[in-house]
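# Close look at the chain arrangement
One-letter residues, chain by chain:
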Amino acid sequence: MPAAPSGPVPPEPARRDPSTDSRYWPVLIARAVPLLVLGAVITFSSDHSPRVGLLAFGAAALVAGAIIAVGSALRLAHDPSTRTIGVLQGAVGIVVGALALVFSGGGLPVLVALVSGFAIVTGALELVTGLRRRRRSPLARDWIGIGVITLVLGAVFVAVPPDYSEQLGGIEKVSGELTSSIVLVGILGAYGALVGVFLVIAGLSLKWGTGHPPMAEERTTSGVSTS
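Residues numbered from 1 in each chain as written. Predicted model: local features only at pLDDT ≥ 70, side-chain atom pairs only at ≥ 80, totals over all residues. Heavy atoms only, no water.

### Concerning the packing of helix α4 (residues 108–132) against helix α5 (residues 140–159)
Close contact between α4 and α5 brings their axes to 7 Å; oriented N to C, the two are set at 155°. The pairing of α4 with α5 is recorded here as roughly antiparallel in orientation. Crossing angle aside, the handedness with which α4 passes α5 is left-handed. Class assignment of the residues belonging to the contact of α4 with α5 gives a composition of 17 nonpolar, eight polar and one charged. (Axes fitted to C-alpha atoms, helices over the stretch in contact; angles between N-to-C directions. Helix = DSSP H or I, 4+ residues; strand = E, 2+ residues; numbered from the N terminus. Parallel < 35°, antiparallel > 145°, perpendicular 65-115°, else oblique. Left-handed = near helix turned anticlockwise from the far one by under 90°. Nonpolar A, V, L, I, M, F, W, Y, C, P; charged D, E, K, R; others polar.)

### So, helix α6 (residues 180–208)
Between its terminal C-alpha atoms α6 stretches 42 Å, which fits the 42 Å expected from 29 residues at 1.5 Å a residue. Taken from the residues just after α6, Gly-209 is the one with a positive phi, measuring 70°. (Expected span 1.5 Å × (residues − 1).)

### What about the pattern of salt bridges?
Going through the model one piece at a time under the given rule, you end up with two salt bridges. We note a salt bridge from Glu-126 to Arg-31, for which the minimum N-O separation is 2.8 Å. Here the residue Glu-126 occupies a position in helix α4, and Arg-31 occupies one in helix α1 (residues 25–43), the gap between them amounting to 95 residues. What makes Arg-31 buried here is its relative accessible area of 7%. Measuring nitrogen to oxygen at the nearest pair gives 2.8 Å for the salt bridge that ties Asp-79 to Arg-133. Of this pair, Asp-79 sits in the loop between α2 (50–75) and α3 (80–102) while Arg-133 is found in the loop between α4 and α5, placing the two residues 54 residues apart along the sequence. Among the residues examined, Asp-79 registers a relative accessible area of 4% and is labelled buried. (Salt bridge = Lys/Arg side-chain N within 4 Å of Asp/Glu carboxyl O. Buried < 20%, exposed > 50% of the residue type's maximum accessible area, 1.4 Å probe, protein only.)

### A word on the side chain of Gln-89
Structurally, the position occupied by Gln-89 is in helix α3. Residue classification places Gln-89 among the buried positions, given a relative accessible area of 7%. A distance of 3.1 Å separates the side chain of Gln-89 from the side chain of Glu-126, its partner in a polar contact. Sequence-distant contacts of Gln-89, that is, excluding residues within four places in its chain, are made with Arg-31, Ile-68, Thr-122, Leu-125 and Glu-126. (Polar contact = N/O pair within 3.5 Å; in protein donor to acceptor, adjacent residues only side chain to side chain. Contact = heavy atoms within 4.5 Å.)

### Considering α5
Given a rise of 1.5 Å per residue, 20 residues ought to cover 28 Å, and the 29 Å separating the end C-alpha atoms of α5 matches this to within 8%. Taken residue by residue, α5 has Ala-140, Asp-142, Trp-143, Gly-145, Ile-146, Gly-147, Thr-150, Leu-153, Gly-154 and Phe-157 as its buried positions. In this fold, the buried residues of α5 make contact with α1, α3, α4 and α6.

### Focus on the packing of aromatic side chains
Scanning all chains against the criterion turns up two aromatic pairs. Across from the ring centre of Trp-25, 5.4 Å away, lies the NZ or CZ of Lys-207, which sits over that ring. (Phe/Tyr/Trp six-rings, centres within 6.5 Å; stacked < 30°, edge-to-face > 60°. Lys NZ or Arg CZ within 6 Å of the ring centre and 35° of its normal.)

### Considerations on the packing of α3 against α4
Packing of α3 against α4 leaves a shortest axis separation of 10 Å and a crossing angle of 170°. Comparing the axis directions of α3 and α4 gives the class roughly antiparallel. Along its contact with α3, which presents Ser-81, Thr-82, Ile-85, Leu-88, Gln-89, Val-92, Gly-93, Val-96, Leu-99 and Ala-100, the element α4 presents Leu-114, Phe-118, Val-121, Thr-122, Leu-125, Glu-126, Thr-129 and Arg-132. Class assignment of the residues belonging to the contact of α3 with α4 gives a composition of ten nonpolar, six polar and two charged.

Take a look at the structure:
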């Protein structure tokens, strides 16, 4: 019979219980609201000028930034590093959103600068947060997905030439002109609708625990079998 180990066996380090992250679901739902409004306003507006884009983007970024900052501070207290990144991300949204509202008459260069800067910085922060929490939090894949989408938004705003212009016509005989402003403001609206729906699904899935069973702390003990 093997000898029993001498002395107590040290427990394994406790793993963070992802059920604590489920408290974050209202933040995801609340964050979706200004983005869905952004998508609806741009979609149903015939004016895709830089001013409309700056006003719609500024309001959405400001409100969503405040929601992220306050929600992270209150509902991610169990993870100080993630909470800090969330508050920083929210602060960036508040500042950029306020600048967009103040300089709403700045034209296309201001729209491109603010949206691309916002998307690159906040997208990178959200992606890093998700990668850091991978396999440790049910929120990780949502943060990664939104981070990637936001980075793509920034890349598109940088890539589209500011002087892009194309006359409409062809088989449909539609008159008008397709400009960079129309393209970029339209993409901004599509981003708001896409991420807004993504956040609603993520929030409800987190609330209901879909696909994310809680992990209990595991401890390994040794015993002696008896016959």
